[in-house]
Amino acid sequence: MRNVLCWLAFATMMGGTACKKDNKTVCPPATEPLTGIWVGKYGIRSINEPGDTGFLTPMHTYTMIFHPNGTMVVYDGDESSPLLANGVYSLKKGKFYGQYAYFRGGSGEYSLNAQLLKPDSLAGTWHIGYGGPTGGSFWLKKK
């Protein structure tokens, strides 16, 4: 049964690696693309000093739409928000990286570092500029 499950995991992955048979059967990890609509919240740092790691509870709404080509659309709020940004993202070994710039309703460039906690859950920090100081924390859940 384990070999059947391994084969199914292999067959569903594009470009995946085959299962190895040593003492145990090792299957490639299942991955789920980020493509789609994600919603969540972000918060800001509690103190604006270098090295501050205190974050206020995320309470401002984020909506992000991830496209399969690595581009994303960011709404500071829901999809009816006047604040709209475009950006790019990547996911490598469970680590999420993104950057975006507002072009409607505001200005500014921001970046994101997060961990894919589950196939439908991201959490991490957002930064002012591309790799600048930490602005706060955020989380997203796939819709």
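In short, a report on the structure.

**A word on the packing of aromatic side chains**
Point 1. Across all of its chains, the model carries 11 aromatic pairs by this definition.
Point 2. Judged by centre distance (5.9 Å) and plane angle (75°), the ring pair of tryptophan 38 and phenylalanine 66 falls under edge-to-face. Of this pair, tryptophan 38 sits in strand 3 (residues 36-42) while phenylalanine 66 sits in strand 4 (residues 60-66); the two residues are 28 residues apart in sequence, bridging distant segments of the chain. By the burial criterion, tryptophan 38 is buried, and phenylalanine 66 matches it.
Point 3. Taken together, a centroid distance of 6.2 Å and an interplanar angle of 20° make the contact between tyrosine 89 and phenylalanine 96 stacked.
Point 4. Overall, phenylalanine 96 belongs to the buried group, its relative accessible area being 0%.
Point 5. Within the aromatic cluster, the residues linked to one another by ring pairs are Tyr42, Tyr62, Tyr100, Tyr102, Tyr110, Trp126 and Phe138.

**Thoughts on the nonpolar core**
Point 1. Core analysis: the biggest nonpolar cluster contains 20 residues, and Tyr62, Phe66 and Leu112 have the highest contact counts within it.
Point 2. Among the secondary structure elements, those contributing two or more residues to this core are strand 3, strand 4, strand 5 (71-75), strand 6 (84-92), strand 7 (95-104), strand 8 (109-118), strand 9 (121-128) and strand 10 (134-142).

**Description of the environment of glycine 36**
Point 1. Relative to the helices and strands, glycine 36 is located in strand 3.
Point 2. The spatial distance from the C-alpha of glycine 36 to the C-alpha of phenylalanine 66 is 5.3 Å, given a sequence separation of 30 residues.
Point 3. Apart from residues no more than four positions distant in its own chain, glycine 36 is found in contact with Met64, Ile65 and Phe66.

What counts, and at which threshold
- Residues numbered from 1 in each chain as written.
- Predicted model: local features only at pLDDT ≥ 70, side-chain atom pairs only at ≥ 80, totals over all residues.
- Heavy atoms only, no water.
- Phe/Tyr/Trp six-rings, centres within 6.5 Å; stacked < 30°, edge-to-face > 60°.
- Helix = DSSP H or I, 4+ residues; strand = E, 2+ residues; numbered from the N terminus.
- Buried < 20%, exposed > 50% of the residue type's maximum accessible area, 1.4 Å probe, protein only.
- Core = buried A, V, L, I, M, F, W, Y, C linked by side-chain atoms within 4.5 Å.
- Contact = heavy atoms within 4.5 Å.

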